[in-house]
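# Fold and geometry: a report
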Amino acid sequence: MTVNILQWFPHTTSPFIANAPMFGFADAGLATTVTKAGGFGFIGGGFDFKSESTQLLGLDAQLANARSVLGLTDGQPLPLGVGFITFQLDGLVDNAVPILRRHRVAAVWLSFPRADADHLPIIQAIRRAQESSDWDIKIFIQVGTIKAAEEALRQGVDVLVVQGTDAGGHQWAQGASLISLLPEVRDLLSKAQDTSTAVLAAGGIVDGRGCVATLGLGADGIVMGTRFVATSECLAPSAIKQTIISRGDGGVSTIKSIRHDVFQSTDLFPRRYDGRAVIGASYEDSQNGINDEEIIRRYNEAREAGGHQRRTVWA
Ligand SMILES: Cc1cc2nc3c(=O)[nH]c(=O)nc-3n(C[C@H](O)[C@H](O)[C@H](O)COP(=O)(O)O)c2cc1C
């Protein structure tokens with residue numbers, strides 16, 4: 001017997017489907033739509049946890065907005081979650097966790113630490129806050145390797161989000177796709193006789209076929225990112241949605257690389273991560289021998305002119 005994740009979140013229906021907490025893409029609008037439809041909505045909370053940072057103020061406002069959209073009063077639990085990117089932890093415990101607690105969010109999702117062990121103090125702080133109030137929160141950790149999964153289990157997480165290398169966006173630079181990674185994670189849980197941790201699959205799932213396949217490989221539910229970007233509820237510009245839906249043959253039209261961040265001056269992630277994105281003008285320029293400085297100049301020029309044609313399309 002494994003855990004039944006649907007029982008943790010009574011508004012959800014089978015199969016369990018969550019949207020990924022895509023920072024800058026998954027706001028209250030997307031998350032509440034997913035939650036209202038019987039899925040589990042996540043808001044992307046960002047990575048800057050300084051007191052009153054723009055990202056935290058924005059998150060606070062998003063959560064208030066979500067409460068109003070869902071017709072809930074202050075103090076009622078909020079049936080959605082928040083994702084944080086954790087390569088920079090300063091202020092997370094002191095400034096971000098109190099926001100989650102005040103809004104009584106149902107889940108937190110942590111991803112992309114510098115070292116797998118870094119999540120432990122955050123998890124402990126959340127558990128302490130949980131014990132001293134009537135706040136019920138489940139902790140999700142996204143993992144892309146067996147080693148990271150082992151560490152997350154030791155830390156006592158509630159949900160392992162197993163991310164395969166077909167995923168859009170940031171991910172482990174070295175990893176495996178879901179077809180081999182999921183059964184290995186399931187075996188890890190069996191060996192540890194762990195029946196209390198739920199497993200979700202993320203990476204390349206876009207429809208019922210992918211969902212059924214990953215449930216067959218041992219997942220308790222699924223997470224989709226890219227598929228939710230290409231929806232009218234996502235705040236992404238339509239040019240990005242068009243790029244996603246117009247591309248096929250994803251193994252050829254996208255590539256895993258750190259270069260996507262370099263071209264748009266967002267190269268902040270530790271080197272054990274890279275990201276999968278559509279091969280666009282900047283990547284092609286680079287292949288044609290144009291240097292980074294010039295590519296960044298072209299990117300900035302397009303952005304200042306209000307165009308999205310050089311923006312990285314994580315997918
Ligand atoms: C546009 C985009 C933004 C993302 N942003 C985040 C993020 O902020 N935090 C995070 O943990 N994962 C992020 N991811 C990765 C997702 O958590 C998830 O692993 C991935 O979307 C699953 O693969 P799929 O896109 O093929 O569904 C992002 C993915 C995309 C496509």
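Since the structure is predicted, the reported quantities are computational estimates derived from the model, not experimental observations.

## A closer look at the site of the ligand
- The environment of the ligand is formed by 20 residues, the closest being Ser-111, Gln-142, Gly-204, Gly-225 and Thr-226.
- Within the side chain of Gln-142, a nitrogen or oxygen atom sits 2.8 Å from an oxygen atom of the ligand.
- Interatomic distance of 2.6 Å between a side-chain N/O atom of Thr-226 and an oxygen atom of the ligand.
- Burial of the ligand by the surrounding chains reaches 95%, relative to a free accessible area of 600 Å².

## Here's the deal with helix 6 (residues 146-154)
- Every buried residue of helix 6 is listed here: Ile-146, Ala-148, Ala-149, Glu-151, Ala-152 and Leu-153.
- Contacts from the buried residues of helix 6 go to strand 5 (138-143), strand 6 (159-163), strand 7 (169-172) and helix 7 (178-191).
- Directly beyond the C-terminal end of helix 6, a positive phi value near 80 degrees is found at Gly-156.

## What to know about the packing of helix 6 against helix 7
- It is at 10 Å that the axes of helix 6 and helix 7 come closest, and there the two elements cross at 35 degrees. The way helix 6 lies across helix 7 gives a crossing that is right-handed. Only Leu-181, Glu-184, Val-185, Leu-188 and Leu-189 of helix 7 make contact with helix 6, whose side of the interface consists of Ile-146, Ala-149, Glu-150 and Leu-153.
- A breakdown of the residues in the contact of helix 6 with helix 7 according to their chemical character gives 7 nonpolar, no polar and 2 charged.

## Let's talk about the nonpolar core
- Ranked by internal contacts, the top residues of the largest apolar core, which has 89 residues, are Leu-63, Phe-84, Phe-140, Leu-160 and Val-162.
- Counting contributing residues, this core receives three or more from each of domain 1 (5-236) and domain 2 (240-304).
- Each residue touching Phe-140, except ones within four places of it in the same chain, is listed here: Phe-9, Phe-42, Ala-107, Val-108, Trp-109, Leu-110, Val-159, Val-161 and Leu-200.

## Comments concerning the packing of helix 3 (residues 54-69) against helix 4 (residues 92-103)
- Where helix 3 contacts helix 4, the axes come no closer than 11 Å and their chain directions differ by 10 degrees. On the basis of their axis angle, the class for helix 3 and helix 4 is roughly parallel. Along the contact surface, helix 3 presents Leu-56, Leu-59, Asp-60, Leu-63, Ala-64 and Arg-67, while helix 4 presents Asn-95, Ala-96, Ile-99, Arg-102 and His-103.

## Comments concerning the environment of Leu-268
- With respect to the element layout, Leu-268 can be found in the loop between helix 12 (259-263) and strand 11 (273-278).
- Among the residues examined, Leu-268 registers a relative accessible area of 45% and is labelled partly exposed.
- For Leu-268, the residues in contact, after removing those within four places along its chain, are Phe-47, Phe-87 and Arg-114.

## Observations concerning the sheet that holds strand 11
- Ordered by their spatial adjacency, 3 strands build an open sheet running 7-11-10, and the pairing between neighbours is antiparallel. The open sheet has two edge strands with one neighbour each: strand 7 and strand 10 (254-257). When strand polarity is set aside, the average angle formed by the axes of neighbouring strands in this sheet is 30 degrees.
- Pairing of strand 7 with strand 11, which is carried by 4 bridges, proceeds in the antiparallel orientation. Residue pairing across strands places Gly-169 opposite Arg-276, the latter belonging to strand 11.

## Here we look at the domain arrangement of the chain
- Structurally, the chain comprises domain 1 (5-236) and domain 2 (240-304).
- Each of domain 1 and domain 2 has a C-alpha centre, and these two points are 26 Å apart.
- Contacts between domain 1 and domain 2 engage 24 residues on the former and 15 residues on the latter.
- Taken together, the two surfaces of domain 1 and domain 2 that pack against each other cover about 1700 Å², and 60% of this comes from carbon and sulfur.
- Three residues stand out in domain 1 for area buried against domain 2, namely Phe-87, His-170 and Ala-173, and they jointly supply 30% of the buried area on that side.

The rules behind these values
Residue indices follow the written sequence of each chain, beginning from 1 at its first position. Owing to the predicted nature of the model, reporting of local features is limited to residues with pLDDT of at least 70; listing and counting of side-chain atom pairs is limited to 80 or more, with chain, interface and lining totals taken over all residues. Side-chain metrics in this entry use all non-hydrogen atoms of the structure; hydrogen atoms and water are not considered. Whether a residue is near a molecule or strand depends on its heavy atoms: if one lies within 4 Å, it is near. Any pair of N or O atoms that falls within 3.5 Å is considered a polar contact. Within protein, one atom must be able to donate a hydrogen and the other to accept it, and sequence-neighbouring residues count only if both atoms are side-chain atoms. Only the protein chains shown count as cover for residues, and all accessible areas are computed by the Shrake-Rupley method using a 1.4 Å probe. The cut-offs for exposure are 20% and 50% of the maximum accessible area for each residue type, with area from a 1.4 Å probe on protein chains only; residues under the lower value are buried, those over the upper are exposed, and the others partly exposed. A run of DSSP states H or I qualifies as a helix once it reaches four residues; a run of E qualifies as a strand once it reaches two. Both are numbered from the N-terminal end. Only heavy atoms enter the contact rule, under which two residues are in contact if any of them lie within 4.5 Å. Comment: axis = line fitted to C-alpha atoms, over the contacting stretch for helices; angle = value between 0 and 180 degrees taken between N-to-C directions. Two helices cross in a left-handed way if the nearer one is turned anticlockwise from the farther one by less than a right angle. They cross in a right-handed way if the turn is clockwise. Gly is put with the polar residues, along with every residue not named as nonpolar or charged; the nonpolar set is Ala, Val, Leu, Ile, Met, Phe, Trp, Tyr, Cys and Pro, and the charged set is Asp, Glu, Lys and Arg. In this text, buried Ala, Val, Leu, Ile, Met, Phe, Trp, Tyr and Cys residues form a nonpolar core when linked through side-chain atoms within 4.5 Å. Domain extents, as shown, originate in an automatic or database domain assignment. Roughly parallel refers to an angle under 35 degrees, roughly antiparallel to one over 145, roughly perpendicular to one between 65 and 115, and oblique to any angle outside these ranges. When DSSP finds at least two bridges between two strands, those strands are taken to pair. Accessible area that two parts lose when put together, with a 1.4 Å probe and added across both, is what the buried area reports.

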